[in-house]
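Read off the chains here:
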Amino acid sequence: MLSRVAENLYWMARYIERAEDTARLLSVNSHLMLDLPRHLPLGWAPLIEMTGTLDAFNERHSSFDERSVVHFLCADAQNGSSILSALASARENLRTTRDVVPREIWEEVNQLYLSVADHAENGVSPRRRDAFLKNVIRGCQTLTGLIEGTLSHGPARTFIQLGRHLERADMTTRIVDVRSASLLPQNPEELLPFENLQWMSVLKSLTAYQMYRQEVRLRVRGPDVLRYLLQDPNLPRSIACSLETLGQELQLLPRQDRVAATVSLVRADVVDADIQALAHSPSKLHAFVDELQIGFAAIHDTLRATYFVNSDNVPKVTQRQSQGHLGDHDND
């Protein structure tokens, strides 16, 4: 497989996962705001923190009101992490490589983008928001199903899997970090009656609430949620499971030793983490998430150096900006 084709498929999968995760965040936050008293200082700003777009948002908006945040994350073409921009980028990456995947996958990506663009042009009003977000989530899930059910097990599928699970792990760390620390009110007594709702929102952001209840069989508590989302080997959106899948997929590729070793190191950090210490110290949790994201950047850089650019290039691992996504793909 050509390096450029592999890179485009990798980025296509990442952008699809980004669009789906952003839609999930908006949907869950909308419902959470209805469940909590208005005087609790939760608001919409944490969603901007999670998606790593704080600087870009502040350049164009003066306040974190509902309308501005929803438009910025759904329909702002200048925001590279908005649902509209992510799907546009996914469509462009697949357009140039669509001869290596079944036609149905291209048609679904194209249809989903056109549907979202149409909604964006007409405005994502509060009344239409829920239907819009459900359409995005179901469209992305349909794409995942098409890839699983129609694409042969080969290099194309492998690079799609790598992109999907690296982006998924990255977003999970952001949700865990912001929802469990920055989102919580400063006064613990103010939060206490609504603590379960908060932790339930963390799980629902990752569609993990029902699976958590089946697995843990206890009331929703912070340490248990953190352990489940970080270390559970069977939850598809846990960080440990995503990294395990990355490692398995890499075994199907040549010259994978260096990338696989990097994945193993990051996964070991997750599996060996002291959850009790992290759960009782927001500063330790934030520092731990920063270390994980440095690890994700190392995985990305090593993947890029091994498969997407001249193999003689040495990957340079740098920490992302604290609010930035794990890179974007330049299609030019």
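Note that this is a predicted model, so its numbers are computed, not measured.

Asks: What is the right way to look at the overall build of the protein chain in this model?
Replies: In terms of regular secondary structure, the protein chain is built from 16 helices and 0 strands. Out of the 332 residues in the protein chain, the part that is buried amounts to 56%. Once local pairs closer than 6 in sequence are excluded, the contacts in the protein chain between residues at least 24 apart make up 67%. If you sum the accessible surface of the protein chain, you get close to 15200 Å²; carbon and sulfur atoms cover 48% of it.

Asks: I would appreciate a short explanation of the nonpolar core in the present structure.
Replies: Taken as a class, soluble globular proteins show a tendency for nonpolar side chains to be buried jointly. In terms of nonpolar packing, the biggest core is built from 95 residues, with L26, C74, I83, L229, L243 and F296 touching the most fellow members. Residue contributions to this core peak at 13 residues, all from helix α1 (residues 3-35).

Asks: Explain helix α12 (residues 222-231) to me, please; I cannot follow it from the model alone.
Replies: Two residues of an α-helix separated by three or four positions point the same way, owing to the 3.6 residues in each turn. Here α12 lies mainly inside the structure; 9 of its 10 residues are buried. Those residues of α12 that fall on the buried side of the exposure criterion are G222, P223, D224, V225, L226, Y228, L229, L230 and Q231.

Asks: Before we go on, may I ask you to explain empty space enclosed by the protein in this structure?
Replies: Taken as a whole and judged by the stated rule, the model has 2 cavities of 30 Å³ or more. Space inside the largest cavity adds up to approximately 80 Å³. If you trace the largest cavity, you find it lined by M12, A13, I16, E17, E20, C140, L143, T144, I147, I160 and R164. Of all the elements in the fold, those that place two or more residues in the lining of the largest cavity are α1, α7 (126-150) and α8 (155-182).

Asks: Quick question: what am I supposed to make of the packing of aromatic side chains here?
Replies: Two measures describe an aromatic ring pair: the distance that separates the ring centres and the angle between the ring planes. Scanning all chains against the criterion turns up 8 aromatic pairs. Relative to F72, the ring of F57 lies with its centre 5.1 Å away and its plane at 85°, an arrangement referred to as edge-to-face. Of this pair, F57 sits in helix α3 (residues 54-60) while F72 is found in helix α4 (residues 66-74), placing the two residues 15 residues apart along the sequence. Judged by relative accessible area, F57 falls into the buried class, the value being 0%. Under the relative-accessibility criterion, F72 is labelled buried at 0%. Relative to Y307, the ring of F159 lies with its centre 5.5 Å away and its plane at 80°, an arrangement referred to as edge-to-face. Taken as a pair, F159 in helix α8 and Y307 in helix α16 (residues 282-308) lie far apart in primary sequence, 148 residues in all. Here F159 and Y307 have matching classes, each one buried.

Asks: Would you mind going over unusual backbone geometry with me for this structure?
Replies: Among all residues save glycine, negative phi is the norm, and among peptide bonds the norm is trans. Of note, the phi angle at T207 is positive, near 50°, even though the residue is not glycine. Along the chain, T207 falls in the loop between α10 (195-205) and α11 (209-216).

What counts, and at which threshold
- Residues numbered from 1 in each chain as written.
- Predicted model: local features only at pLDDT ≥ 70, side-chain atom pairs only at ≥ 80, totals over all residues.
- Heavy atoms only, no water.
- Helix = DSSP H or I, 4+ residues; strand = E, 2+ residues; numbered from the N terminus.
- Buried < 20%, exposed > 50% of the residue type's maximum accessible area, 1.4 Å probe, protein only.
- Contact = heavy atoms within 4.5 Å.
- Areas by Shrake-Rupley, 256 points an atom, 1.4 Å probe, with all protein chains shown as cover.
- Core = buried A, V, L, I, M, F, W, Y, C linked by side-chain atoms within 4.5 Å.
- 1 Å grid on protein atoms, 1.4 Å probe; cavity = no way out; pocket = protein on both sides within 12 Å on 5 of 7 lines; lining within 4 Å.
- Points joined across faces, edges and corners; volume = space filled by probe spheres on them.
- Phe/Tyr/Trp six-rings, centres within 6.5 Å; stacked < 30°, edge-to-face > 60°.

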